[in-house]
Amino acid sequence: ISRLAQPLSVNNNCVEHLLWAPIPSSSFTIKSLYEIFENSLHLTPFPIMKMWKSAAPPKIKAFGWLVWWNRIASSDLLARRLIIPTINHCAFCGMDNESALHLLLHCNFAWKVWAEIICWWGSQWVSPSSLQDLLLWWYGQKFKNLGKLIWEVIPLAVGWSLWIARNNMVFNSKVPVWGNIVDSIKIKVATWVKFSSH
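How each quantity is defined
Residues numbered from 1 in each chain as written. Predicted model: local features only at pLDDT ≥ 70, side-chain atom pairs only at ≥ 80, totals over all residues. Heavy atoms only, no water. Helix = DSSP H or I, 4+ residues; strand = E, 2+ residues; numbered from the N terminus. Buried < 20%, exposed > 50% of the residue type's maximum accessible area, 1.4 Å probe, protein only. Contact = heavy atoms within 4.5 Å. Areas by Shrake-Rupley, 256 points an atom, 1.4 Å probe, with all protein chains shown as cover. Patch = residues over 30% accessible without salt bridge, like charges linked within 9 Å, V, L, I, M, F, W, Y side chains within 5 Å. Salt bridge = Lys/Arg side-chain N within 4 Å of Asp/Glu carboxyl O. Axes fitted to C-alpha atoms, helices over the stretch in contact; angles between N-to-C directions. Parallel < 35°, antiparallel > 145°, perpendicular 65-115°, else oblique. Left-handed = near helix turned anticlockwise from the far one by under 90°. Nonpolar A, V, L, I, M, F, W, Y, C, P; charged D, E, K, R; others polar.

**Student:** I'd like to hear about the overall build of the protein chain, residue by residue, with values.
**Tutor:** When you go through the protein chain residue by residue, the secondary structure sums to 10 helices and zero strands. Counting from the amino terminus, the protein chain carries its helices and strands in the arrangement α-α-α-α-α-α-α-α-α-α. In the protein chain, which comprises 198 residues, the proportion classed as buried is 35%. Of the contacts made within the protein chain by residues no fewer than 6 positions apart, 55% connect residues no fewer than 24 positions apart. Looking at the protein chain as shown, the accessible area adds up to about 12,900 Å², and 61% of this sits on carbon and sulfur atoms.

Listed below in structure tokens is the structure:
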């Protein structure tokens, strides 16, 4: 204790400098920050890049980023972080544990919404095994012009609409109707694409 209480000696002959950690030999510049950001983009999975460039609003893009990294606040994530005591059942089906994967893709309710949207687009598909596989497949499709703008916001609109419906069910006891969710997804897609072109 006596050693800890002793005053620290300060060397007045030293000159303190702030170091820019990524490049210790030089000082901070906007250019160096931009170069680091540019280099990091090459390590980012391409679905994330496509999402960030899509016509969706910024908060929806941020939600898509959380979905990709499996970080939305589903009950299994909250239970793993000890925020809630146990994992709750899915708000839609009440059967399986609520994970992001189940809630947004594998639940029968979510699957029905996805199937309707895919049918609306004139396609058919098999449910991917993970949300990452879904986004990799989705953003790997090739479209041009308006078709590209529409296609790139659809998974964000579906995921966000399902998440909002889940929250309304959990916090407001509002039972979701899949047809209403499908209609709201189409409205979101049309609105986001329309405003992005202005």
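There's plenty left to go through after this.
**Student:** Before we move on, can you summarise a nonpolar patch on the surface with the specific residues and values?
**Tutor:** Taken together, the side chains of Trp52, Trp65, Leu66 and Trp69 define a hydrophobic patch exposed on the protein surface, amounting to about 400 Å² of accessible area. Inspection of the secondary structure assignment puts Leu66 in helix 4 (residues 58-68).

**Student:** Before we move on, can you summarise the packing of helix 9 (residues 145-172) against helix 10 (residues 178-196) with the specific residues and values?
**Tutor:** Where helix 9 meets helix 10, the closest approach of the two axes is 8 Å, and the angle between their N-to-C directions is 135°. As far as their axial angle goes, helix 10 and helix 9 are oblique. Note that helix 9 runs across helix 10; the crossing there is right-handed. Across the interface between the two elements, Leu146, Leu149, Ile150, Val153, Ile154, Leu156, Ala157, Val158, Trp160, Ser161 and Ala165 from helix 9 touch Ile181, Ser184, Ile185, Lys188, Val189, Trp192, Val193 and Ser196 from helix 10. Per-class residue counts for the contact of helix 9 with helix 10 are 15 nonpolar, three polar and one charged.

**Student:** Before we move on, can you summarise the pattern of salt bridges with the specific residues and values?
**Tutor:** Under the criterion given, the structure shown has four salt bridges. Of the charged contacts, one joins Glu152 and Lys50 as a salt bridge, the two residues approaching to 3.9 Å between their closest N and O atoms. Taken together, the residues span a long stretch of sequence, with Glu152 in helix 9 and Lys50 in helix 3 (residues 46-52) at a distance of 102 residues. With a relative accessible area of 8%, Glu152 lands in the buried category. Residue Lys50 is classed as partly exposed on the basis of its relative accessible area, which comes to 23%. The shortest N-O distance in the salt bridge between Arg166 and Glu98 comes to 2.8 Å. Of this pair, Arg166 sits in helix 9 while Glu98 sits in the loop between helix 5 (75-80) and helix 6 (100-106); the two residues are 68 residues apart in sequence, bridging distant segments of the chain. Accessibility expressed as a relative area gives 7% for Arg166, which makes it buried.

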